[in-house]
Structures are given as structure tokens and as C-alpha cells.
Amino acid sequence: MKKIIIAAAALAAATTATSASAQASRAVANANANARLLSPLALEARRGINFGDIVMVNVTGDQTVSLDRLNGDIVCGTGGALTCSGTRTTGEFRITGTQGQTVNVSLSQPSFALSGSNGGSLVFTPTIPATVALGAPGPNANLFTVGGSFVIGTSTRDGLYSGQIEVQVQYQ
């Protein structure tokens, strides 16, 4: 009988140890499963940038002409070396995509040449927003403007200067 009691006690101890060991080797956790479904992005150039007419009166050094992308204000050099007039417009782009998402805006090049009709060139540096938060869709929704600047120097030729700006957008 003593052997049966010892055997029963050993069996009970082994069962308890096995249960405690089994409980210590098991854990449970939950994780979320998510998917972000996005509409394709589209970018439309609605209006080009126009600095208006710039008369080179007395350029004796570098003169910066800049067009503010937010309000269309122009800075036309210093000291009366330049006179700016005519219609000025910032560039305007429209993004279509998924409402509530943020889009990064970038340029293919931080600056590029504007070619002059008389053989000259100007280095144009555009200004853009870093991001655009997409709101409700619509014909006048999700717009952003582009401005920029260039420098006129003593050797800058007169003429009509033009070039293409390449803007890119991507979901964050």
C-alpha cells in the first residue's frame, strides 16, 4: 500500500508539473490586419507660370525675379534695374486621388533652364508645396500653385524665355 501511495503521489506531482510547464509555454496575442485601398493618382496642369513683362532698364549685376506661389506677388530685382508689368500668374495643378490621404509633391529637377528666343537661357528654380492633403473631389478641389525665381545678369539677352516644369506626386 505504501508503494501505491508513493506511486500516486509521484503521478500527481508529474501531472501538476506537466500542467504548469504547458501553461508557461503558451501565450496568446492579437494583431490587426489592415489594407489601404487607394485610387490611382492623377495630376493635371491647369495653368502655366507667367512672370509677365520684365524690362531690363539698367542691369549692372545679378537681379533676382521671384513669383510667390501663394499670393502671386512678384519681386522684380532691386535698385530699379528691372521694371515688371503685365499679367502674372502662378502655375496651378490639380490632384485627384483618395480623399483623406496626403500626397508628396516633388520636382524631377530642383532647377532647370528656360530657353530664350534669342539664344540665351535662364536658370529657373520652381517653388512647390511639400505635401497636399486630399479633400473631397471636385473641379476646383485639391489644387496647388507653383511659383519660382530666376536671375537676370548683365549678359542676359532679351527675348521670350520658356521651358517645361515636371511635377510629380506620390502617396505618403
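All figures in this text were calculated on a predicted structure; none of them were measured in a lab.

What counts, and where the lines are drawn
Residues numbered from 1 in each chain as written. Predicted model: local features only at pLDDT ≥ 70, side-chain atom pairs only at ≥ 80, totals over all residues. Heavy atoms only, no water. Helix = DSSP H or I, 4+ residues; strand = E, 2+ residues; numbered from the N terminus. Contact = heavy atoms within 4.5 Å. Areas by Shrake-Rupley, 256 points an atom, 1.4 Å probe, with all protein chains shown as cover. Phe/Tyr/Trp six-rings, centres within 6.5 Å; stacked < 30°, edge-to-face > 60°. Buried < 20%, exposed > 50% of the residue type's maximum accessible area, 1.4 Å probe, protein only. Polar contact = N/O pair within 3.5 Å; in protein donor to acceptor, adjacent residues only side chain to side chain. Disulfide = S-S within 2.5 Å. Salt bridge = Lys/Arg side-chain N within 4 Å of Asp/Glu carboxyl O.

A. Inspection of the overall build of the protein at higher detail. Helices and strands together make up the secondary structure of the protein, namely 1 helix and 13 strands. In the protein, the order of α-helices and β-strands from amino to carboxyl end is α-β-β-β-β-β-β-β-β-β-β-β-β-β. Within the protein, contacts between residues separated by at least 24 positions form 74% of all contacts whose residues are at least 6 apart in sequence. As displayed, the protein offers around 11100 Å² of accessible surface, 52% of which is attributable to carbon and sulfur atoms.

B. Looking closely at the packing of aromatic side chains. Throughout the structure, instances matching the rule amount to 4 aromatic pairs. Connected via pairs of aromatic rings, a cluster forms that spans Phe51, Phe112, Phe124 and Phe150.

C. Structural context of the side chain of Gln101. Tracing the backbone shows Gln101 in the loop between strand S6 (91–96) and strand S7 (102–107). On the basis of relative accessibility, which here comes to 18%, the residue Gln101 falls in the buried class. Among the polar contacts made by the side chain of Gln101, one reaches the side chain of Arg36 at a distance of 2.7 Å. Other than its neighbours up to four places away in sequence, Gln101 contacts Arg36, Leu38, Val132, Ala133, Leu134 and Tyr171.

D. Structural view of the state of the cysteines. According to the stated counting rule, one finds 1 disulfide in the structure shown. Across a sulfur-sulfur distance of 1.8 Å, Cys76 and Cys84 are joined as a disulfide pair. Here Cys76 and Cys84 share a disulfide; its torsion about the S-S bond, 80°, makes the bridge right-handed. You'll find Cys76 and Cys84 in the same group, each marked buried.

E. The arrangement of the pattern of salt bridges in detail. One pass over the structure, following the stated rule, counts 3 salt bridges. With a shortest N-O distance of 3.1 Å, Arg46 and Glu92 are connected by a salt bridge. Taken together, the residues span a long stretch of sequence, with Arg46 in strand S1 (residues 42–47) and Glu92 in strand S6 at a distance of 46 residues. Arg46 gets classed as partly exposed once you look at its relative accessible area, which sits at 32%. Within the structure, one salt-bridge network assembled from shared partners comprises Arg46, Arg47 and Glu92.

F. The arrangement of unusual backbone geometry in detail. If you check the backbone angles, Asn142 has positive phi at about 60° while not being a glycine. Mapped onto the secondary structure, Asn142 falls in the loop between strand S10 (131–133) and strand S11 (143–152).

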